[in-house]
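Fold and geometry: a report
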Amino acid sequence: MRTQIFFASTLYGAATLAAALDAGRFDSADRRVLLVSNNAASPETTPALDAMPGFERLRGRFDEVLSWNEAIRPFHPGAWSPRTDDAPLWERYLRLLWNLGEGPEHEVELAVESIQVEPALALARLFPDAPLDVYADGLMSYGPTRNKLNPLVGTRVRRLLHLDLLPGLRPMLLTEFGVEAEAIPAEAFTDVLAELAKDVPRSVSEAPEGAALLLGQYMAALGILSDAEEEELHVRMLRGAARLGHKAVVFKPHPIAPARFSRALEKEADGLGVELTVLDSPVLAEVLYERTRPSLVVGCFSTALMTASAFYGLRVARTGTDLLLERVAPYENSNRMPVTLVDAALPEIGDASAVGDWRAPDERTVARELTPLVRAVGYCMQSKIYPSLREEAERYLAAHLDAHTRRYFKRRRLTSLGLPGAVPRQFAFVPRNRTVRRVARRARALKRAALG
């Protein structure tokens, strides 16, 4: 008896799994279970993915849909992890609760997202003998593993399933364990999205076709921007679309964004003479691509910008990435790679000629420009996890660090790693000099002691 448990917290993730199943990326099993997790700050007031429009189109691919929230209540999925001594008890409890059976003849296989953090990491720990497949979390998969993963988990990962958002760019995620990346066919994914597009809220069905689409992201919730700054970011998107001649604009707010974001846009739209439609129901951006075929998609660093370009051939533009590259902290924050990729690959909405002339990077351009950048940034983010990338990072920085590319690297991080571009050449010996670094640490310790 073999049971496959597919773990998902978003409709996008469930659609990715459905596409992988349709494309034959999973072997047959006696039972397939979709385990749904609602990771919202207040799950009680936020609908889970199995309650979203279109989910019923996906349900038939699984024998059963279960709730992770119900299984671990009253704990929150994003904050709870089992104590090591309690893990065997939890495994037995879940096997009984989900009718998985016990003993070696009852095999369990897991397919999870975001293996580095809870709740996927908790599930992996509770089934220590289960082989793992990881499916990619959008653009983050091109960056390094965000935390040092326990080898008892990392060595069980068989492969990384991902969408080929930038053809030719290989994901870095989990490569420290020798995990191979396996692309899910784009056609399988767009076919699933076409299914989801058949069941949409009324606000989506009434949205104008061919309008510019603005993708809202609630970065204030992550502490990256203030509410006022994020509000201004959305206004910049609207102004940029209007300058490019778009008279009809659709705004897709983040599901947890405050209503005042929409009101600020409505006021700005009135002044610009733009017809603005604000979607009041949660829906995947890709479903909008299917239903409305927008003439332009504008965002900050959303993965949906890349799906618009790679899978639907839509014109795309970015804004706000320069600010985000400064604000994302610490340097190893996993959002850094999506921001870097969008900034490097897509045109700025304020540059009309760049937006009009832009073409999606081909594999040769990706190999020549994006791959070296990604590996250099990835090394700077997680140098201890990927020490083998140091020489590549040094070569890239020595040859390409200039006024434009410096935005992707922090001088302080380059200095701590002893990489080119850290400090002026006459002081280049400092980061590598143990005595100087020891004196600097001592000085900082004395300063802290004095202040304390």
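Bear in mind that the values here come from a model prediction, so they are computed numbers and not experimental data.

Comments concerning the sheet that holds strand β10 (residues 275-278)
- In space, the 5 strands of this open sheet follow the order β10-β9-β8-β11-β12, with parallel pairing throughout. Since the sheet does not close on itself, it has two edges, and those belong to β10 and β12 (316-318), each with one partner. Sheet twist, expressed as the average angle between the axes of neighbouring strands with direction ignored, equals 20°.
- Pairing of strand β8 (residues 212-215) with strand β9 (residues 248-252), which is carried by 4 bridges, proceeds in the parallel orientation. Counted as the bridge partner of Leu214 is Phe251 from β9.
- On top of the sheet, helix α10 (residues 260-272) reaches β9 and β10; it is set at about 165° to β10, its chief contact.

Some words on the packing of helix α7 (residues 186-196) against helix α11 (residues 285-292)
- Packing of α7 against α11 leaves a shortest axis separation of 9 Å and a crossing angle of 75°. Taken together, the axes of α7 and α11 lie roughly perpendicular to each other. Facing Thr190, Leu193, Ala194 and Leu196 of α7, the residues of α11 in contact are Glu286, Val287 and Glu290.
- Here the residues of the contact of α7 with α11 sort into 4 nonpolar, 1 polar and 2 charged.

Considerations on the pattern of salt bridges
- Taken as a whole and assessed by the stated rule, the structure comprises 27 salt bridges.
- As a salt-bridge pair, Arg2 and Glu109 come within 3.2 Å of each other at their nearest N and O atoms. Pair noted here: Arg2 is in strand β1 (residues 2-8) and Glu109 is in strand β4 (residues 107-112), with a separation of 107 residues, a long-range link.
- With a shortest N-O distance of 2.8 Å, Asp86 and Arg83 are connected by a salt bridge.
- Arg83 sits in the exposed class, given a relative accessible area of 61%.
- The network of salt bridges with shared partners includes Arg2, Arg25, Glu109, Asp133, Arg158, Arg159 and Glu182.

A closer look at the environment of His246
- Structurally, the position occupied by His246 is in the loop between α9 (227-243) and β9.
- Counting along the chain gives 34 residues from His246 to Ala212, while the straight-line C-alpha distance between them is 6.5 Å.
- When near neighbours in sequence (up to four residues on either side) are disregarded, His246 contacts Ala212, Ala241, Val274, Ser295, Leu296 and Arg315.
- Within polar-contact distance, the side chain of His246 engages the side chain of Arg315 at 3.4 Å.

What to know about the sheet that holds strand β5 (residues 132-135)
- A sheet is described by the order of its strands in space; here 7 strands give the open sequence β3-β2-β1-β4-β5-β6-β7, paired in parallel fashion. Either end of the sheet is taken by a strand with one partner, and the two such strands are β3 (64-67) and β7 (180-184). Direction aside, neighbouring strands of the sheet carry axes that sit 25° apart on average.
- In terms of strand pairing, β1 meets strand β2 (residues 31-36) through 6 bridges, oriented parallel. For Phe6, the partnering residue across the bridge sits in β2 and is Leu34.

Notes on the side chain of Ser262
- Residue placement: Ser262 occurs in helix α10.
- Once residues lying within four places of it in the same chain are set aside, the contact partners of Ser262 are Phe251 and Val278.

Digging into the packing of aromatic side chains
- In total, this model carries 12 aromatic pairs according to the counting rule given.
- Pairing Trp68 with Trp80 gives two aromatic rings, centres 6.2 Å apart and planes at 50°, and the pair type is tilted. Residue Trp68 is found in helix α3 (residues 68-72), and its partner Trp80 is found in the loop between α3 and α4 (87-97); the two are separated by 12 residues along the sequence.
- Overall, the relative accessible area of 0% leaves Trp68 in the buried class.

Here's the deal with the environment of Asp280
- Topologically, Asp280 is positioned in the loop between β10 and α11.
- Spatially, the C-alpha atom of Asp280 lies 44 Å from that of Leu152, the residues being 128 residues apart in sequence.
- In terms of polar contacts, Asp280 uses its side chain to reach the side chain of Ser203, at 3.2 Å.

So, the nonpolar core
- If you look at the biggest cluster of nonpolar residues, it comprises 115 residues, and the most contacted ones within it are Tyr289, Leu324 and Phe409.
- Ignoring sequence-local partners within four residues, the contact set of Tyr289 consists of Leu213, Leu215, Pro294, Val297, Ala304, Leu305, Thr307, Ala308, Tyr312 and Leu314.

As for a positive patch on the surface
- Together, Arg412, Arg438, Arg441 and Arg444 give the surface a local cluster of positive charge.
- With 3 residues, helix α19 (residues 434-451) is the single largest residue contributor to the positive patch.
- One can find Arg438 in helix α19.
- Arg438 gets classed as partly exposed once you look at its relative accessible area, which sits at 49%.

Quick word on the pairing of strand β6 (residues 157-163)
- Summarising burial for β6: 6 of the 7 residues are buried, a large majority.
- Examined bridge by bridge, β5 and β6 share 4 bridges and lie parallel to one another. Across the sheet, residue Val134 finds its bridge partner in β6, namely Leu160.
- As judged from the 5 bridges shared by β6 and β7, these two strands associate in the parallel manner. By the bridge assignment, His162 is partnered in β7 with Ala183.

Regarding helix α14 (residues 336-345)
- Of all the 10 residues making up α14, 9 are buried; the element is thus mostly covered by neighbouring parts of the structure.
- Residues Arg336, Met337, Pro338, Val339, Thr340, Leu341, Val342, Asp343 and Ala345 constitute the buried set of α14.
- Buried residues along α14 sit against α12 (303-312), β12, α13 (321-327) and α16 (363-381).

Some remarks on the side chain of Thr340
- Relative to the helices and strands, Thr340 is located in helix α14.
- Contact partners of Thr340, with chain neighbours within four places excluded, come to Leu325, Leu373, Val377 and Tyr408.

Considering the packing of α14 against α16
- Two elements in contact, α14 and α16, have axes whose closest approach is 11 Å; the angle formed by their N-to-C orientations is 155°. The angle between α14 and α16 falls in the class roughly antiparallel. α14 and α16 meet at a crossing whose hand is right-handed. Only Leu370, Leu373, Val374, Val377, Gly378 and Met381 of α16 make contact with α14, whose side of the interface consists of Arg336, Met337, Thr340, Leu341, Ala344 and Ala345.
- Grouping the amino acids of the contact of α14 with α16 by side-chain chemistry returns 9 nonpolar, 2 polar and 1 charged.

The rules behind each value
- Residues numbered from 1 in each chain as written.
- Predicted model: local features only at pLDDT ≥ 70, side-chain atom pairs only at ≥ 80, totals over all residues.
- Heavy atoms only, no water.
- Pairing = 2+ DSSP bridges.
- Helix = DSSP H or I, 4+ residues; strand = E, 2+ residues; numbered from the N terminus.
- Axes fitted to C-alpha atoms, helices over the stretch in contact; angles between N-to-C directions.
- Contact = heavy atoms within 4.5 Å.
- Parallel < 35°, antiparallel > 145°, perpendicular 65-115°, else oblique.
- Nonpolar A, V, L, I, M, F, W, Y, C, P; charged D, E, K, R; others polar.
- Salt bridge = Lys/Arg side-chain N within 4 Å of Asp/Glu carboxyl O.
- Buried < 20%, exposed > 50% of the residue type's maximum accessible area, 1.4 Å probe, protein only.
- Polar contact = N/O pair within 3.5 Å; in protein donor to acceptor, adjacent residues only side chain to side chain.
- Phe/Tyr/Trp six-rings, centres within 6.5 Å; stacked < 30°, edge-to-face > 60°.
- Core = buried A, V, L, I, M, F, W, Y, C linked by side-chain atoms within 4.5 Å.
- Patch = residues over 30% accessible without salt bridge, like charges linked within 9 Å, V, L, I, M, F, W, Y side chains within 5 Å.
- Areas by Shrake-Rupley, 256 points an atom, 1.4 Å probe, with all protein chains shown as cover.
- Lys, Arg positive; Asp, Glu negative; His and termini not counted.
- Charge placed at Lys NZ, Arg CZ, Asp CG, Glu CD.
- Left-handed = near helix turned anticlockwise from the far one by under 90°.

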